[in-house]
Amino acid sequence: MSERAGERQPIWFLILFALAAGGGSVAYVPLLTVLLPLKITVLTGAEDVPALAQVTFFGAVVASLANIAFGILSDLTGRRPLWIAAGLVTSSVLLIAIGQATRLSEVIVLVMAWQLGLNMMLSPLLAWAGDCFPDSQKGVLGGALAFAPAMGALSGSLVTFESVVDPQHRLALVAGLVSAMVLPVLIAGRGRARPDLMRGPDHSATEFSNPETRQAQRALAGMWMARFLVQIAEAGLFAFLLFWLRSLSDGFHENTAANIFSAVLVLSVPLALMVGRWSDRRRRPMLPLSLCAGLAAAGLMVMAAASGLELAIAGYVLFGISASIFLSLHTGQTLRVLPKPERRGRDMGLFNLTNTVPSLVMPWLTLTLVPGFGFTGLFALFAGLSVLAAIVLAGISVRR
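The model shown is predicted, which means the values in this text are computed figures rather than measured ones.

## Some details on the overall build of the protein
Item 1. In terms of regular secondary structure, the protein is built from 12 helices and zero strands.
Item 2. In sequence order, the protein lays out its α and β elements as α-α-α-α-α-α-α-α-α-α-α-α.
Item 3. Taking 2.2 N^0.38 as the reference for a compact globule, 400 residues should give roughly 21 Å; the C-alpha atoms of the protein span a radius of gyration of 20 Å, in line with that estimate.
Item 4. Counting only C-alpha atoms and orienting by the principal axes, one finds that the protein spans roughly 60 × 45 × 30 Å.
Item 5. Taken as two groups, the 28 positive and 21 negative side-chain charges of the protein have centres that lie 9 Å from each other.

## Quick notes on the pattern of salt bridges
Item 1. This model, assessed by the stated rule, comprises five salt bridges.
Item 2. Asp75 is the salt-bridge partner of Arg80, the closest N and O atoms lying 3.0 Å from each other. Of the two residues examined, Arg80 and Asp75, each falls in the buried class.
Item 3. Where Arg346 meets Asp347, a salt bridge forms, and the shortest distance between an N and an O atom there is 2.6 Å.
Item 4. Taken together, the shared-partner salt bridges in this structure form one network comprising Asp75, Arg80, Asp131 and Arg344.

## Here we look at empty space enclosed by the protein
Item 1. In total, this model carries four cavities of 30 Å³ or more according to the counting rule given.
Item 2. Taken together, Val29, Thr33, Val34, Ala153, Gly156, Leu237, Phe238, Leu241, Leu242, Ala257, Ala258 and Phe261 make up the full set of residues lining the second largest cavity.
Item 3. Within the residue set of the lining of the second largest cavity, elements represented by two or more residues are α1 (11–44), α6 (147–159), α8 (214–248) and α9 (254–282).
Item 4. In terms of residues, the lining of the second largest cavity owes the most to one element, α8, which gives four residues.
Item 5. Its residues placed into classes, the lining of the second largest cavity shows 10 nonpolar, two polar and no charged.

What counts and how
Note that residues are indexed from 1 along each chain, following the sequence as it is written. Predicted model: local features are reported for residues with pLDDT of at least 70 only, side-chain atom pairs are reported and counted for 80 or more only, and whole-chain, interface and lining totals are derived from all residues. Computation of side-chain values covers all heavy atoms of the structure but excludes hydrogens and water. What counts as a helix is a DSSP run of H or I of at least four residues, what counts as a strand is a run of E of at least two, and both are numbered from the N terminus. Radius of gyration: C-alpha atoms only; globule rule: 2.2 Å multiplied by the number of residues to the exponent 0.38. Positive charges are assigned to Lys and Arg, negative charges to Asp and Glu, while His and the chain termini are left out of the count. For the purpose of locating charges, the reference atoms are NZ of Lys, CZ of Arg, CG of Asp and CD of Glu. One side-chain nitrogen of Lys or Arg within 4 Å of one carboxyl oxygen of Asp or Glu is enough to make a salt bridge. Using a 1.4 Å probe on the protein chains alone, a residue whose accessible area is under 20% of its type maximum counts as buried, one over 50% counts as exposed, and one in between counts as partly exposed. Method remark: on a 1 Å grid restricted to protein atoms, a set of points is classed as a cavity if a 1.4 Å probe fits but cannot get out and as a pocket if it is open with protein on both sides within 12 Å along at least five of seven lines; lining residues have an atom within 4 Å of a point. Grid points are joined across faces, edges and corners, and a volume is the space filled by probe spheres set on the points. Only Asp, Glu, Lys and Arg are considered charged in this grouping, and only Ala, Val, Leu, Ile, Met, Phe, Trp, Tyr, Cys and Pro are considered nonpolar; every other residue, Gly among them, is considered polar.

This is the structure in structure tokens:
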């Protein structure tokens, strides 16, 4: 490793990058968890579940392709901040336009276009982290990025406070928050990318992260599949949490749902940091992932069996914290297993399919199971998938 590649970025840049990553979460969490379901309900009434499934499906198709495409473009041009800025402007304008839509068809088209702009920002942003931060800061970078989902959830709580934010201005506020969080790193981060970190071979890779070995190929495939299985459950709860809670208690307020979602992610941050530190010290990267997948399955079984709000919320808290820790730690491992630095954007886009493809699968599972078996059947299936993920990860023997 060259001397320059080993230099550490200043703490202020790490903070700004974490803030920008949080802005990426703010860009989509309030919309997809609360504001879009509410918009769909206003437009379609009792047909809100199948309508939301339709919007989610088409949006996820665009997100899957766009993340890879803009990752490749940012690899080829080497100008990731330019793509981030263009995506910020595009996604912000389209976010506000979604709030003005008057027909379901308009919402579908606008959400697809918004996903294009969103991933124009998100894909280069995460790849930029690998361009800027050396191996000596990978751990603290991963810990900082763990705050992003919590920031997204807190923004969902903020914009649903009716006494603070007029419902008509919610999406405009979200766009403003995203700009305020992403712009500082773009302005102050010029010249922070390290050429040594942007070309191969990646000397930080070990046998575990070397795709030329069978061990690495099995580990990569297993990690991809495990995250995919857990993300199916995560995507289901992400999109249908409010509808499920209202099926247990008619009139359950959207702000209460957003507050529960926020609390789960905030509680997950210190726990993820502690578990991640234990994993590093014990050199057991797979064990916490497997255990968290198992605990997520347990939470889903509690949710499937719950008939009242208290037990239901308790099950969701167990699932939410376990899944959040799983996803946070899994992201840290992904940064280490991606092969060639010069193709970092493309490869992260391919791994991002574990986040978007579940959104393609989940709506059809929902439409198939919920009408006949209710949310109980859906959650039981999610629990089975999480158990399978735990088994897959337990079969990956890696000590680092």
